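Notes for the structure review
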Amino acid sequence: MRPAVLGAGLVVGYTALISSADAITKFIAGGYAAPQLFCLSGLIVIALSVLADRHPSQRRGLRTDCPRAMAVRSAATVLAAVSFFYAFRYLPFAEVFLFIGLMPILGGLMSALILKEHVRPSAWAALVAGFVGVLCLFPTGWHGVTIGHGFAFSAAVFGTLAMVMARYIGRVESNSLAQVFYPNLAIFVTMGAALPFVWTAMPLSDLGWVLAYAALLFGARWVLVVALRLLAAYAVMPLMNLQFVWMVVIGALVFGEIPAAGTFLGVAIVIGCGLYLVWDQFTPETARGPLAAFSLRIRRTDP
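In this numbering scheme, every chain counts its residues from 1 along its sequence in written order. In view of the model being predicted, local features appear only for residues whose pLDDT reaches at least 70, and side-chain atom pairs are presented and counted only at 80 or more, with totals across whole chains, interfaces and linings using the full set of residues. The side-chain numbers reported here are obtained from all heavy atoms of the structure, hydrogens and water having been left aside.

An unreviewed UniProt entry annotates the protein chain as DMT family transporter of Sedimentitalea arenosa.

If you want it as structure tokens, here you go:
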């Protein structure tokens, strides 16, 4: 259970870091184009990665043994970052979480296809229940499809793909820092190509926000890569729904957004499903009940 507890703790820390970074994104998204924020932050994260690699406890270099998988992860990270940027521009802060809540379902599908991780029927039930919990957070339902919803769905798809590829790479190599460095290098290069066409002068205060965003992003991505080595992708993603708790607090304190009454029920369902998935991964199958034991016997006798 030690890896499960450590992995779950890292995911909780990740949700706090990434929610704070998302708040900064929303705060400055209205005044600047996406390439300006991501080119500068990407450069800062690259510098932090190089500095971290020089620490005696790291010193593994930034080489990767999975160049193709890293390229897929890097491209997905770029597309997810841009999609989230515009989703936060066009949608209320908490409403984007509806699409973040889709990521465990997408993670289960991609884990089965890419990682060949068997997602048990009981785990699928927990994933679906977790999504129902997310829907409870928005009892008024859809208000009409907008371009913001399209960006949010795109962000969920590419964000999930980036996380699944992180676990795929983590099976082969343990150099977590490389998984932070290369996606941000891709962001810096792609956004840098567009930067001359959208650059707007930034006051020192906004540059400070960019620096804070980059530092939070660096910590969040490094922590998440380590967590994905300890937990299956479909178990990590429901725990990431704890991000909504931070988003509610930040939305209320910073943006004046008050969540609906169904928030508490939805959060309880989401947290419960996340805890179940962690237990489901690290509990012996014979201890899960007759149905799990029956499934285990079938798989062992299946040619």
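1. Things to note about the overall build of the protein chain
Helix and strand definitions follow DSSP, with helices as H or I runs of at least four residues and strands as E runs of at least two, each counted in order from the N terminus. Helix and strand content of the protein chain: 13 helices and 0 strands. What you see in the protein chain, going N to C, is helices and strands ordered as α-α-α-α-α-α-α-α-α-α-α-α-α. Residue burial is assigned from relative accessible area. The probe radius is 1.4 Å, only protein chains are included, and a residue is buried under 20% of its type maximum, exposed over 50%, and partly exposed in between. Buried residues in the protein chain amount to 52% of all 303 residues. The contact criterion used throughout is that any non-hydrogen atoms of two residues lie within 4.5 Å. Long-range contacts, defined here as pairs at least 24 residues apart, represent 88% of the contacts in the protein chain between residues at least 6 apart. For accessible areas, the Shrake-Rupley method is used with a probe of radius 1.4 Å. Any residue's cover is judged against the shown protein chains and nothing else. Entry remark: accessible area of the protein chain is about 13700 Å², with carbon and sulfur atoms responsible for 72%.

2. What about empty space enclosed by the protein?
Of the two site types, the cavity is a set of points on a 1 Å grid over the protein atoms alone where a 1.4 Å probe fits but cannot get out, and the pocket is an open set with protein on both sides within 12 Å along at least five of seven lines, each lined by residues with an atom within 4 Å of a point. Grid points are joined across faces, edges and corners, and a volume is the space filled by probe spheres set on the points. With the rule as written, the count across this model stands at 2 cavities of 30 Å³ or more. Of the pockets and cavities examined, the largest cavity occupies roughly 420 Å³. Every residue lining the largest cavity is counted, 26 residues in all, and those nearest its centre are Tyr14, Ile18, Phe84, Met163 and Arg221. The leading source of residues in the lining of the largest cavity is helix H3 (residues 67-90), at 7 residues. Taken together, the residues of the lining of the largest cavity break down into 19 nonpolar, 4 polar and 3 charged. Just so you know the grouping, Ala, Val, Leu, Ile, Met, Phe, Trp, Tyr, Cys and Pro go in nonpolar, Asp, Glu, Lys and Arg go in charged, and all remaining residues, Gly too, go in polar.

3. Digging into the packing of aromatic side chains
Each Phe, Tyr or Trp ring (for Trp, its six-membered ring) is paired with any other whose centre lies within 6.5 Å, and the angle between the two planes then decides the class: stacked below 30 degrees, edge-to-face above 60, tilted in between. Here the structure, examined in full by the defined rule, presents 10 aromatic pairs. Both rings, one in Phe84 and one in Phe88, keep their centres 6.1 Å apart while their planes meet at 25°; by these two values the pair is stacked. Pair noted here: Phe84 and Phe88 are both in helix H3, with a separation of 4 residues, about one helical turn. For the pair shown, Phe84 and Phe88 are each scored as buried. Ring-pair connections join several aromatic residues into one group, and the members of that group are Phe38, Phe85, Tyr86, Tyr90, Phe151 and Tyr213.

4. A closer look at the packing of helix H8 (residues 176-198) against helix H9 (residues 204-230)
Contact pair H8 / H9: the axes reach a minimum separation of 9 Å and the direction vectors enclose 130°. The angle between H8 and H9 falls in the class oblique. H8 and H9 meet at a crossing whose hand is right-handed. Within the contact between the two elements, H8 uses Ser176, Leu177, Gln179, Val180, Asn184 and Ile187 and H9 uses Leu217, Phe218, Arg221, Trp222, Val225, Val226 and Arg229. As a rule, the C-alpha atoms of each element are fitted with a line to give its axis, helices using only the stretch in contact, and angles between N-to-C directions run from 0 to 180 degrees. The scheme is simple: roughly parallel for angles under 35 degrees, roughly antiparallel for over 145, roughly perpendicular for 65 to 115, oblique for anything else. Working rule for handedness: look at the near helix, and if it is turned counterclockwise from the far one by less than a right angle, call the crossing left-handed; if clockwise, right-handed.

5. Section: the environment of Leu102
Mapped onto the elements, Leu102 comes out in the loop between helix H4 (97-100) and helix H5 (103-115). Owing to a relative accessible area of 19%, Leu102 belongs among the buried residues under this scheme.

6. Concerning the packing of helix H7 (residues 147-170) against H9
Interaxial distance between H7 and H9 falls to 9 Å at its minimum, and their mutual angle equals 65°. Crossing of H7 over H9 shows right-handed handedness. Taking contact as the criterion, the partners of Met163, Ala166, Arg167 and Gly170 in H7 are, on H9, Leu224, Leu228 and Arg229. Residue composition of the contact of H7 with H9, grouped by class: 4 nonpolar, 1 polar and 2 charged.

7. Let's talk about the environment of Arg63
By secondary structure assignment, the location of Arg63 is in the loop between helix H2 (34-53) and H3. The exposure class of Arg63 is exposed, given its relative accessible area of 59%. On a C-alpha basis, the gap between Arg63 and Ala178 in space is 6.7 Å, while along the polypeptide they are 115 residues apart. Every residue in contact with Arg63, bar those within four places of it in the chain, is listed here: Glu173, Asn175, Ala178 and Tyr182. A polar side-chain atom of Arg63 sits 2.5 Å from a polar atom in the side chain of Asp65. Distance and chemistry together define a polar contact, namely a pair of N or O atoms within 3.5 Å, with one atom able to donate a hydrogen and the other to accept it when in protein, and with adjacent residues in sequence counting only for side-chain atoms on both sides.

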